[in-house]
Amino acid sequence: MPTQLPRIIADVPLSQATLELLDGKVEILPWQHFDQGLDASIEGIYTFGHPSLDGRLMDLTPNLKVISNYGVGVDHVVLKDAAARGIPVGNTPGVLDGATADMGFCLMMAAARRLTEGERLARSEQFLNYNPARMLGKEVHGAKLGIVGMGRIGRQVARRALGFDMQVSYHNRNRKPEIEQELGVQYQSLEQLLSTCDYVMLCVPLTEQTAGLIGPSQLRLMPSDSILVNIARGAVVNTEALTLALQEKWILAAALDVTDPEPLPRGHPLLSLDNVVIAPHLGSATVATRQKMSELSVANLLAGLQGRTLVHQVV
Ligand code: NAP
């Protein structure tokens, strides 16, 4: 008699690496819509962003043993509801820091040097001659970078910035003296950081405290030639305030890997502004990093299904 595989429900599409790692170990049900497919037969949930996995949905799966997230940000899982039900939640910290920091730098430089705006011109009929007065940008090397959220990813951003001779400051709820010593970075209050930096890069998790952390009054503090980079989560920034800030030139530009909502509705005013660079949430999207994320998230899932401690457990 063939043994029955544990049944999981999963956000789709799953990467090829994840599918290969799960092959023969679980039965996978694609997660099409909120409640659909969630029932007593489900033992595991594999997610990367299905909207808010809360207690109500968890209660539809009374035999749920584990929630495994493909990624480090778990803002779409109501952690206190999982903890209250004794359901372990796994994520993938550490393996994506370098790739996400690379993307932060990539976006920062693209906005500073007007790369996407220039790319549009270079491909167009309007590019007829080299013009030394065209599209002058802002220097990155030697400038002041403020990192909001000096955690695993923030630290990798700081290391790259030092290679560009940048002056780096950071803001966290708790100071990190060991990082200050190791990297020579300076602690600032959020207000100080916003009002003194050329570049502000957001690397905080999305929580109740950080939702809307950058709103109209914070954007008003930023110098008019400064650039905001968001590689955290879209909702850390108030989209309406950012749109106005960019339209009215309170700040020079923004570079966004993430937006709120995500994706922005087609025709949203942010999408037509030249002083915005937008990527479709590509922070950790490299072949090597996605492979490691698959390995870690699958290891978490299988450990939970077998009643073992997860490799990385959030709650
Ligand atoms: P981490 O190591 O936990 O670092 C987060 C940092 O944010 C910590 O230093 C924390 O310090 C600080 N922080 C938390 N709440 C804060 C608050 N209210 N005010 C100020 N600072 C606060 O997390 P990580 O691994 O670097 O990941 C950070 C986030 O990046 C993830 O949660 C995810 O949402 C996002 N991310 C995005 C992508 C992408 O594709 N764009 C990829 C990976 C991750 P304190 O606790 O001292 O405040």
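Cut-offs used in this document
Residues numbered from 1 in each chain as written. Predicted model: local features only at pLDDT ≥ 70, side-chain atom pairs only at ≥ 80, totals over all residues. Heavy atoms only, no water. Helix = DSSP H or I, 4+ residues; strand = E, 2+ residues; numbered from the N terminus. Buried < 20%, exposed > 50% of the residue type's maximum accessible area, 1.4 Å probe, protein only. Polar contact = N/O pair within 3.5 Å; in protein donor to acceptor, adjacent residues only side chain to side chain. Contact = heavy atoms within 4.5 Å. Arc of directions from axis to C-beta. Axes fitted to C-alpha atoms, helices over the stretch in contact; angles between N-to-C directions. Parallel < 35°, antiparallel > 145°, perpendicular 65-115°, else oblique. Left-handed = near helix turned anticlockwise from the far one by under 90°. Nonpolar A, V, L, I, M, F, W, Y, C, P; charged D, E, K, R; others polar. Pairing = 2+ DSSP bridges. Phe/Tyr/Trp six-rings, centres within 6.5 Å; stacked < 30°, edge-to-face > 60°. Core = buried A, V, L, I, M, F, W, Y, C linked by side-chain atoms within 4.5 Å. Domains from an automatic or database assignment. Salt bridge = Lys/Arg side-chain N within 4 Å of Asp/Glu carboxyl O. Near = heavy atom within 4 Å. Areas by Shrake-Rupley, 256 points an atom, 1.4 Å probe, with all protein chains shown as cover.

Our next topic: the side chain of Asn275. If you trace the backbone, Asn275 turns up in the loop between strand S11 (253–256) and strand S12 (276–278). Using a relative accessible area of 14% as the deciding quantity, one classes Asn275 as buried. Among the polar contacts made by the side chain of Asn275, one reaches the main-chain carbonyl oxygen of Leu246 at a distance of 3.1 Å. Apart from the residues within four sequence positions on either side, Asn275 is in contact with Leu246, Lys249, Ile251, Leu252, Ala253 and Ala254.

Taken as a whole, helix H5 (residues 115–123) has its buried residues at Glu117, Gly118 and Leu121. Along the long axis of H5, the arc covered by the buried residues comes to 95°, so they all point the same way. Turned more than 90 degrees from where H5 packs its buried face, Leu115 and Arg123 sit exposed.

Each pair of packed helices gets described by two things: the angle between the helix axes and the distance between those axes. The geometry of helix H4 (residues 97–112) relative to helix H6 (residues 152–163) is characterised by a closest axis approach of 8 Å and an angle of 55° between their N-to-C directions. One element, H4, and the other, H6, form an angle in the oblique class. Along this stretch, H4 crosses H6, giving a crossing that reads as right-handed. Within the contact between the two elements, H4 uses Asp97, Gly98, Thr100, Ala101, Asp102 and Phe105 and H6 uses Arg152, Ile153, Gln156, Val157, Arg160 and Ala161. Among the residues forming the contact of H4 with H6, the class breakdown is five nonpolar, three polar and four charged.

Right, let's get into the sheet that holds strand S8 (residues 186–187). Strand order in the open sheet formed by seven strands is S8-S7-S6-S9-S10-S11-S12, with parallel pairing between adjacent strands. Among the strands making up the open sheet, the edge pair consists of S8 and S12. Of the strands in this sheet, strand S6 (144–148), strand S7 (167–171) and strand S9 (199–202) are in contact with H6, which crosses S6 at around 170°.

A separate point is the packing of aromatic side chains. Within the structure shown, the criterion is met by four aromatic pairs. Where Tyr170 meets Tyr187, the ring centres are 5.2 Å apart and the plane angle is 75°; that geometry is what we call edge-to-face. Of this pair, Tyr170 sits in strand S7 while Tyr187 sits in strand S8; the two residues are 17 residues apart in sequence, bridging distant segments of the chain. Relative accessible area serves as the criterion here: at 0%, Tyr170 is assigned to the buried category. Classification of Tyr187 by relative accessible area gives partly exposed; the value is 22%. Three or more aromatic residues joined by ring pairs form one cluster here, namely Tyr46, Phe48 and Tyr70.

In terms of nonpolar packing, the biggest core is built from 49 residues, with Met108, Leu145, Ile147, Val157, Met166 and Tyr199 touching the most fellow members. Two domains each put at least three residues into this core: domain 1 (7–95 + 288–305) and domain 2 (97–278). Once residues within four sequence positions are removed from consideration, Ile147 is found in contact with Gly154, Val157, Ala158, Val168, Ser169, Tyr170, His171, Leu193, Met201 and Cys203. Listed in part, the 27 residues of the second largest apolar core include Met222, Ala232, Leu242 and Val276.

Another aspect to go through is the sheet that holds strand S4 (residues 66–69). By definition, the strands of a sheet pair up through backbone hydrogen bonds, in either a parallel or an antiparallel sense. Taken in spatial order, the five strands make up an open sheet running S2-S1-S3-S4-S5, and their pairing is parallel. Lying at the two open borders of the sheet, with one neighbouring strand each, are strand S2 (27–30) and strand S5 (89–90). In this sheet, S4 lies alongside strand S3 (residues 42–47) in parallel orientation, the contact comprising four bridges. Bridge pairing links Gly44 to Val66 in S4.

In this section: the domain arrangement of the protein chain. Each assigned domain of the protein chain is listed with its residue range as follows: domain 1 (7–95 + 288–305) and domain 2 (97–278). The C-alpha-based centres of domain 1 and domain 2 are spaced at 31 Å. Contacts between the two partners involve seven residues from domain 1, matched on the other side by five residues from domain 2. Counting the contacts that link domain 1 with domain 2 gives one salt bridge.

Turning to the pattern of salt bridges, a few remarks are in order. One side chain can pair with another of opposite charge once the charged atoms of both are near each other. Here the structure, examined in full by the defined rule, presents 15 salt bridges. A salt bridge links Arg7 to Glu27; the nearest nitrogen and oxygen atoms lie 3.3 Å apart. Separated by 20 residues along the polypeptide, Arg7 in strand S1 (residues 7–10) and Glu27 in strand S2 bring together distant segments of the chain. On the basis of relative accessible area, Glu27 is assigned to the partly exposed category, the value being 31%. One salt bridge connects Asp75 with Arg233, and the closest N-O pair in it is separated by 3.0 Å.

Not every one of the 26 residues close to the ligand is listed here, only the nearest: Arg152, Ile153, Arg173, Asn174 and Asp257. One nitrogen or oxygen atom from the main chain of Gly151 is found 3.2 Å from an oxygen atom belonging to the ligand. Asp257 is positioned such that a nitrogen or oxygen atom in its side chain is 2.8 Å from a nitrogen atom of the ligand. Taken by itself the ligand offers 930 Å² of open surface, and the protein chains cover 89% of this. Its residues placed into classes, the shell around the ligand shows nine nonpolar, 12 polar and five charged.

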